[in-house]
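# A look at the structure
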Amino acid sequence: MDVEKSSSSSFEDLTNADDTKDFRAAQVHISDFETSEADVGSANIDSHAEATTQEDELDDDIECDILGNKQLIKRIIKKAPANAKRPSRGDLVTITYTGKLDDGTVVEKEERFQCHVGDFEVVQGLDMVLPMMHVGEVSQVNVDQRFGYGTIGLKTENPPEIIVPPNAHLVYQVELVDCKFEDFSDLKSFDILRKYGARKKERANYYYKRVEYNNAIHLYRRALDYLDSRDGDPDAEFGKEDLELSNSDLQSLLEDRLIVYNNLAMAQIKVGAYDAALQSVEHVLRCQPNNPKALYRKGRVLEGKNDTQGAIKLLQKVATLEPDNRSVQSDLARLFIKARRDEHNEKEMYQKMLGQAKKMEQKSNIRQKTPLVDNSKLKLLGFLMGTILIGVAGVAIYRYKY
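Residues numbered from 1 in each chain as written. Predicted model: local features only at pLDDT ≥ 70, side-chain atom pairs only at ≥ 80, totals over all residues. Heavy atoms only, no water.

### Description of the sheet that holds strand E5 (residues 138–143)
Taking strand neighbours across the sheet as the criterion, the 6 strands line up as E1-E2-E5-E8-E3-E4 in an open arrangement whose pairing is antiparallel. Bordering the open sheet on either side are strand E1 (64–65) and strand E4 (106–116), each of which pairs with just one other strand. One ladder, built from 2 bridges, connects E1 with strand E2 (residues 72–78); its direction is antiparallel. In the strand pairing of E2, aspartate 65 is matched with isoleucine 73. Contacts from helix H4 (residues 190–209) reach strand E3 (92–101) and E4 within the one sheet, and its direction differs from that of E4 by about 140°. (Pairing = 2+ DSSP bridges. Helix = DSSP H or I, 4+ residues; strand = E, 2+ residues; numbered from the N terminus. Contact = heavy atoms within 4.5 Å. Axes fitted to C-alpha atoms, helices over the stretch in contact; angles between N-to-C directions.)

Shown next as structure tokens:
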């Protein structure tokens, strides 16, 4: 999807032109007619080569519609040097960029900003374009609101000020200064691990506030990848997989890791991933059994899984740990009302079930009694018919004899 065009054809044309000129220049003494003919041919070839070069320059300016729907367009302003590297997903890149509105207002500007490709640390449109650039390249990127700041826009909190209005189209000029693949040896420093982990966590919090929970979940998980004492090196010796960190550094990483797990659980609850959220809070409760936030989130998980009584027990524990927490008190009151309503509905359901069972029993009894009545009638009718037949037979015998 790059707009760069190969210049091999132009190079070949120029070479042929030079060869032709040398060849014709060597034979200039043959005749004036042949010399003039050679000059005409050389001029035509030179003009063709120049036209081809201009065509290549125009090709560099052609817009590349990355998605095919005009929502993300890339145009090269300055080509990268030959054999320049191209970043891959997960690589650490250094970029300089400026973002503007359609009226030219500058809304973003960063110099030598570092981020990991694919981790949503910049606007999504830029994040998608970075793997298509080469180191040293400067491009203009037109970003639709869908891959920019969306229907929410961008604003500051204190003081509240709109930086990017909702549904705004953005134009970025971005330069890819450098890219680097980080191997395990680059991630053995406590400062690097904590720096990357904190950066991912802050960006995840940003997406959580924007109600973009899936992006937040991705970045919380990426933060956990860095806030870990294990380096993940498959070539590490057995028993030496952990980084050699001091106790204070390990404690700092653990505390940051538990905070991220708590935030991750809340984002997972928001998308209804209750089983995953339960696993996240369990990581916290193993280390801190009385962590109020983890207990509260576990209560939310149990409520989502329709275990109201279990949720009430956990929130009651949180209420004892934080008696001034009004949100916990209001949630407890709501759960008590829900529990009573569920109990009432359960009783009604059981009563209906028992009532239907009694009706079914009565119907079965009636069905069992009805054949008994019918049998007694049949017996009486048979007795009467037998008596009549005996009488008729007796009268017939008497007449036959007398």
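From this point, the narrative continues.
### Brief notes about the packing of aromatic side chains
Within this structure, the stated rule accounts for 6 aromatic pairs. Taking 6.4 Å as the distance between ring centres and 80° as the angle between the ring planes, the aromatic pair formed by phenylalanine 120 and tyrosine 207 counts as edge-to-face. Remark: tyrosine 207 occurs in helix H4 and phenylalanine 120 occurs in the loop between E4 and helix H3 (124–129); sequence separation between them is 87 residues. The same class applies to phenylalanine 120 as to tyrosine 207, namely buried. Linked through ring pairs, Tyr97, Phe113 and Tyr172 together constitute an aromatic cluster. (Phe/Tyr/Trp six-rings, centres within 6.5 Å; stacked < 30°, edge-to-face > 60°. Buried < 20%, exposed > 50% of the residue type's maximum accessible area, 1.4 Å probe, protein only.)

### Some points on the packing of helix H8 (residues 292–304) against helix H9 (residues 308–321)
Contact pair H8 / H9: the axes reach a minimum separation of 8 Å and the direction vectors enclose 160°. It follows from the interaxial angle that H8 and H9 lie roughly antiparallel. Here the hand of the crossing between H8 and H9 comes out left-handed. In this structure, H8 contributes Pro292, Leu295, Tyr296, Lys298, Gly299, Leu302 and Glu303 to the contact, and H9 contributes Gly310, Ala311, Leu314, Leu315, Lys317, Val318 and Leu321. For the contact of H8 with H9, a count of residues per class yields 9 nonpolar, 2 polar and 3 charged. (Parallel < 35°, antiparallel > 145°, perpendicular 65-115°, else oblique. Left-handed = near helix turned anticlockwise from the far one by under 90°. Nonpolar A, V, L, I, M, F, W, Y, C, P; charged D, E, K, R; others polar.)

### What about H9?
Compared with an ideal rise of 1.5 Å per residue, which puts 14 residues at 20 Å, H9 spans 20 Å between its outermost C-alpha atoms and is within 8% of the ideal. Among the residues of H9, those classed as buried are Thr308, Gly310, Ala311, Ile312, Leu314, Leu315, Val318 and Ala319. (Expected span 1.5 Å × (residues − 1).)

### Looking at the pattern of salt bridges
Considering all chains together, one arrives at 15 salt bridges under this definition. The residue lysine 74 makes a salt bridge to glutamate 137 at a minimum N-O spacing of 3.1 Å. In this pair, lysine 74 is assigned in strand E2 and glutamate 137 in the loop between H3 and E5, connecting sequence segments 63 residues apart. By relative accessible area, which is 1% here, glutamate 137 ends up buried. Residues joined in a network through salt bridges with shared partners are Asp119, Glu121, Arg199, Lys200, Arg222 and Asp225. (Salt bridge = Lys/Arg side-chain N within 4 Å of Asp/Glu carboxyl O.)

### Focus on a nonpolar patch on the surface
Judged by side-chain polarity, Leu381, Met385, Ile388 and Val392 come together as a nonpolar surface patch covering roughly 400 Å² of accessible area. Topologically, valine 392 is positioned in helix H10 (residues 326–401). (Patch = residues over 30% accessible without salt bridge, like charges linked within 9 Å, V, L, I, M, F, W, Y side chains within 5 Å. Areas by Shrake-Rupley, 256 points an atom, 1.4 Å probe, with all protein chains shown as cover.)

### Concerning unusual backbone geometry
The phi torsion at asparagine 167 lies on the positive side, around 60°, for a residue other than glycine. Looking at where asparagine 167 falls in the secondary structure, it is placed in the loop between strand E7 (161–164) and strand E8 (170–180). The class for asparagine 167 is partly exposed, based on a relative accessible area of 48%. Unlike most non-glycine residues, asparagine 306 shows phi in positive territory, near 65°. Structurally, asparagine 306 can be placed in the loop between H8 and H9.

### Description of the packing of helix H7 (residues 274–287) against H8
Closest axis-to-axis distance for the H7/H8 pair is 9 Å, and the angle between their directions is 155°. Judged by the angle between their axes, H7 and H8 are roughly antiparallel. Taken as a pair, H7 and H8 cross one another with a handedness that is left-handed. On the side of H7, the interface is formed by Tyr274, Ala277, Leu278, Val281, Glu282, Val284 and Leu285, while H8 contributes Ala294, Leu295, Arg297, Lys298, Arg300, Val301 and Gly304. Grouping the constituent residues of the contact of H7 with H8 by class yields 9 nonpolar, 1 polar and 4 charged.

### Points about the nonpolar core
Core analysis: the biggest nonpolar cluster contains 40 residues, and Tyr220, Val260 and Leu264 have the highest contact counts within it. Of all the elements in the fold, those that place two or more residues in this core are H4, helix H5 (213–226), helix H6 (247–270), H7, H8, H9 and H10. Contact partners of leucine 264, with chain neighbours within four places excluded, come to Ile217, Tyr220, Arg221, Leu224 and Ser280. If you look at the next biggest cluster of nonpolar residues, it comprises 30 residues, including Val107, Leu130, Ala168 and Val174. (Core = buried A, V, L, I, M, F, W, Y, C linked by side-chain atoms within 4.5 Å.)

### Quick word on empty space enclosed by the protein
Tallied over the entire structure, the rule returns 1 cavity of 30 Å³ or more. Here the largest cavity is characterised by a volume of approximately 30 Å³. Forming the boundary of the largest cavity are Tyr296, Gly299, Arg300, Glu303, Ala311, Leu315, Asp331, Arg334 and Leu335. Counting only elements with at least two residues in the lining of the largest cavity, the list comes to H8, H9 and H10. At 4 residues, the largest contribution of residues to the lining of the largest cavity is made by H8. (1 Å grid on protein atoms, 1.4 Å probe; cavity = no way out; pocket = protein on both sides within 12 Å on 5 of 7 lines; lining within 4 Å. Points joined across faces, edges and corners; volume = space filled by probe spheres on them.)

### Some remarks on the pairing of E2
Where E1 folds back onto E2 in an antiparallel hairpin, the turn is made up of 6 residues, including glycine 68, whose phi is positive at roughly 80°. Looking at chain direction, E2 and E5 are connected through 6 bridges and run antiparallel. Bridge pairing in E5 links isoleucine 73 to asparagine 142.

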